[in-house]
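Results of the structural survey
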Amino acid sequence: MSASMKACVLCCSDGRLGPWLFGFLTKNSLLGHSDLLILPGGGISLVHGSWWRRLLCRWLIVSWLRLLQALHSWETLYVFHHEDCGAAGGSAAFDYNIEEEHWHGVKIKFLENFLRRRLPGVSIKISYLPKNNW
Ligand SMILES: [Zn+2]
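An account of the accompanying structure is given in this report. (Residues numbered from 1 in each chain as written. Predicted model: local features only at pLDDT ≥ 70, side-chain atom pairs only at ≥ 80, totals over all residues.)

Considering the pairing of strand β1 (residues 7-12)
What counts is decided by this rule: Comment: burial labels come from other C-beta atoms within 10 Å of the residue's own C-beta, placed from the backbone, where a count of 20 or more is buried, 12 or fewer is exposed, and between is partly exposed. Numbering of helices and strands runs from the N terminus; a helix is a DSSP stretch of H or I covering at least four residues, while a strand is a stretch of E covering at least two. Strands were regarded as paired on the criterion that DSSP finds at least two bridges between them. By the criterion used throughout, a crossover qualifies as right-handed when its path from the first strand across the helix to the second strand runs clockwise, the strands pointing away from the viewer.
With six of six residues buried, β1 lies mostly within the body of the structure. Covered by surrounding structure in β1 are A7, V9 and C11 together with C8, L10 and C12, the residues of both alternating faces. Two strands pair when backbone bridges link them, and β1 and strand β2 (residues 34-39) are joined in this way by six bridges, in the parallel orientation. Bridge assignment links C12 to a residue of β2, and that residue is L39. In this fold, β1 hands off to helix α1 (residues 18-27), which returns the chain to β2; that crossover is right-handed.

Take a look at the structure:
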């Protein structure tokens, strides 16, 4: 029998986020009570990159999310994008912080709709983490 979990977290594997993620999980009583899907780029992999890479990532990540949700019955999916993410070309790919934040905002809007259609009944919460937050 599988344990049920309160939530699932889809996040980039950038190690700089580790302490922040630990704090988030702890503060929200999710540490040990959440599935963690930690991948290069996290949610960005679903909406950025070459078409074949996006296709592969969409198939894999959505399959894993559906499997985890079926196993552990969580109803909330947290997705975290972050500033200076290598999967988005890093901050060097943008002239200004506001440009980078706007780019992520557009991707987040698309990703919310994408995930809602594929994970009906799951509350999707996507956030962008500027560097001063982690
Ligand atoms: Zn990243």
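Don't stop here, the text continues.
A word on the nonpolar core
Note the cut-off: Core membership is restricted to buried Ala, Val, Leu, Ile, Met, Phe, Trp, Tyr and Cys residues, and these are joined into a nonpolar core through C-beta atoms within 7 Å. Contact between residues is assigned whenever the C-beta positions, reconstructed from backbone atoms, fall within 7 Å.
One finds A7, C8, C11, L77 and V79 to be the most contacted residues of the largest nonpolar core, which totals 30 residues. At six residues, the largest contribution of residues to this core is made by β1. Those residues within four positions of C8 in sequence are excluded, and the remaining contacts are S34, D35, L37, L65, L68, Q69, W74 and L77.

A few points about unusual backbone geometry
The phi angle at S29 is positive, at roughly 55°, despite the residue not being glycine. The phi torsion at S73 lies on the positive side, around 55°, for a residue other than glycine. Looking at the secondary structure, you find S73 in the loop between α3 (51-72) and β3 (76-82).

Considering the pairing of β3
Of all seven residues that make up β3, six are buried, and the element is covered over most of its length. Relative to β3, β1 runs parallel, the two sharing four bridges. Looking across to β3, one finds that L10 is bridged to V79. Bridge analysis of β3 against strand β4 (residues 123-129) gives seven bridges, and the strand direction is parallel. What sits directly across from H81, in β4, is Y128. Viewed along the sheet, the connection from β3 through helix α4 (residues 97-118) into β4 turns out right-handed.

Keep in mind these values describe shape, not function.
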